[in-house]
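Observations on chain architecture
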Amino acid sequence: MLGRDRHAYATLTLSLSLGCAAGAASDVMHGAATGEGEVSSGGVEATETSGDSVTMGPPLTPTDVQARAGATQIVVTWMPSVLGDPPDTVHVLLDDSEVAAIAAPAESATLDGLTPATVHRVSVVAENAGGRSEPSSELRVVTAFDPSAFPGTRLWLDADDASSFTLVADDRVSAWWDKSGRDNHAYQGLDSLMPQRVEGARAGRATVRFDDAYVTTSDVVQLREKDAGYTVFGVVMNTTEDGISGNEGRGGILLGNFGDNTPNVGIELHEDRVLRQWWDVRDQPGLPSAGNTGDVRFPDPRPEQSAFAILLFYRDGAAAKLGAAVDGELATELDDEGPLLSVTSPFRIGADYRPSPLAVSWNGDIAELLVFDRLLDADERLRLHEYLADKWSIALQ
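Time to look at the overall build of the chain. Along the chain, the regular secondary structure elements total two helices and 30 strands. Buried residues in the chain amount to 52% of all 397 residues. In the chain, 65% of the contacts between residues at least 6 apart in sequence involve partners at least 24 apart. A total accessible area of about 17,100 Å² is found for the chain, and carbon and sulfur atoms account for 47% of it.

Here strand E10 (residues 108-111) shows one buried face, formed by Ala 109 and Leu 111, and one open face, formed by Ser 108 and Thr 110. With four bridges connecting them, strand E7 (residues 74-79) and E10 associate as antiparallel partners. Note that in E10 the partner of Thr 77 across the bridge is Ser 108.

Per-chain confidence: the chain averages 78 in pLDDT, with 71% of residues scoring 70 or above. Counting contacts from residues 1-47, a segment whose pLDDT is below 50, to residues more than four positions away or on other chains yields 87 contacts. In the model, residues 287-293 has pLDDT below 50 throughout and makes 18 contacts with residues more than four positions away in sequence or in other chains.

Okay, the side chain of Ser 174 next. Considering the arrangement of structural elements, one finds Ser 174 in strand E16 (residues 173-176). A residue is classified by how much of its surface remains accessible, and Ser 174, at 15% relative accessible area, is buried. For Ser 174, the contacting residues outside a window of four places in its chain are Thr 166, Val 168, Ala 186, Tyr 187, Gln 188 and Met 194.

This brings us to the pattern of salt bridges. It is possible for side chains bearing opposite charge to pair when their charged atoms get close. In the structure shown here, the tally under the stated rule is 15 salt bridges. Between Glu 98 and Arg 132 there is a salt bridge, with the nearest N and O atoms lying 2.5 Å from each other. In this pair, Glu 98 is assigned in strand E9 (residues 97-103) and Arg 132 in strand E12 (residues 131-132), connecting sequence segments 34 residues apart. Judged by relative accessible area, Glu 98 falls into the partly exposed class, the value being 44%. Using a relative accessible area of 39% as the deciding quantity, one classes Arg 132 as partly exposed. One salt bridge in this structure joins Asp 158 and Lys 179, with 3.1 Å as the shortest N-O distance. Residue Asp 158 is found in strand E14 (residues 153-158), and its partner Lys 179 is found in the loop between E16 and strand E17 (186-187); the two are separated by 21 residues along the sequence. By the burial criterion, Asp 158 is buried, and Lys 179 matches it. Salt bridges here are not isolated pairs; linked through shared partners, they connect Asp 158, Asp 161, Lys 179, Glu 368 and Lys 391.

Conventions and cut-offs
- Residues numbered from 1 in each chain as written.
- Predicted model: local features only at pLDDT ≥ 70, side-chain atom pairs only at ≥ 80, totals over all residues.
- Heavy atoms only, no water.
- Helix = DSSP H or I, 4+ residues; strand = E, 2+ residues; numbered from the N terminus.
- Buried < 20%, exposed > 50% of the residue type's maximum accessible area, 1.4 Å probe, protein only.
- Contact = heavy atoms within 4.5 Å.
- Areas by Shrake-Rupley, 256 points an atom, 1.4 Å probe, with all protein chains shown as cover.
- Pairing = 2+ DSSP bridges.
- pLDDT = per-residue confidence, 0-100.
- Salt bridge = Lys/Arg side-chain N within 4 Å of Asp/Glu carboxyl O.

Rendered as structure tokens:
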């Protein structure tokens, strides 16, 4: 399957100041030697000579330290300082613990067996017979998401993964491949209703732009079928000025199950930029005829126009609660008195079931979407917030 188990890598770069004048540094980089045991580095000596004995000094801190993270590993690279005595070994520190000792002249280390979607701190220390250098400044590195580490992953759409798409003219999306392992791929067969993949739309990464467009998954994704609840993460940007799009004064549909004369479940942006999780029962035997809506109102309405945000929606089946957060800050939690529903209508992203211009459409971008068929615990939600914030350059509240 295209796009499955391919994870974007993020590169963080740290350049350490050598504390010397530009001219002196240039001389050193070009290897200008002035005598035995010395380099032209503005008076910095590599060794001390006394008679026939030579005393080695400790190496200086490695430079150009970089870290590239996958789901379960981090690759760390560095350059030995061109000043001072050379190192024999470089020690790699992960969260203040030494986890690798790499013999020179190697300049990289691979740290395996890590937990996906987890924040780490990485630094390096050089060592020789003369002692140890100061540690490099710490890099903050977040490992990538892996659905195998989050049971209950039902859908994972990643706009930045170019291999996750089938595109037609003008980068219109005819298929967006699910990376969850469930094969819930999303399709749109009509050119006029296809969203568009836009390169570099957010933090140098691609997003999918919806403008009276939508995609439908190949399998029904249930949101209210189980007592286990659900969790939805979305990195989105909405461009409607007041939140109203389509008819009936309703806002843009982010996702949900939609069909005529069937139970509907959805998440949408309403007027006054209110985000809403709701269910709607259409005269189903044995169920209330009137639907229930659960508005999630934010003190500072988000997402703001042209601004990306990390949205979290969840249903706690055990406590019968609906909750939501924006950029990691819990906005509200309210009682959920609705029944469990087993829907058969398609799961759509970007609009409900009606044709344009009646459809209630999402106007804006979707960068990443994660749907789980259970309530994630607090630690899991925190890890996903940090993973998404790091990947899409969004500050958490």
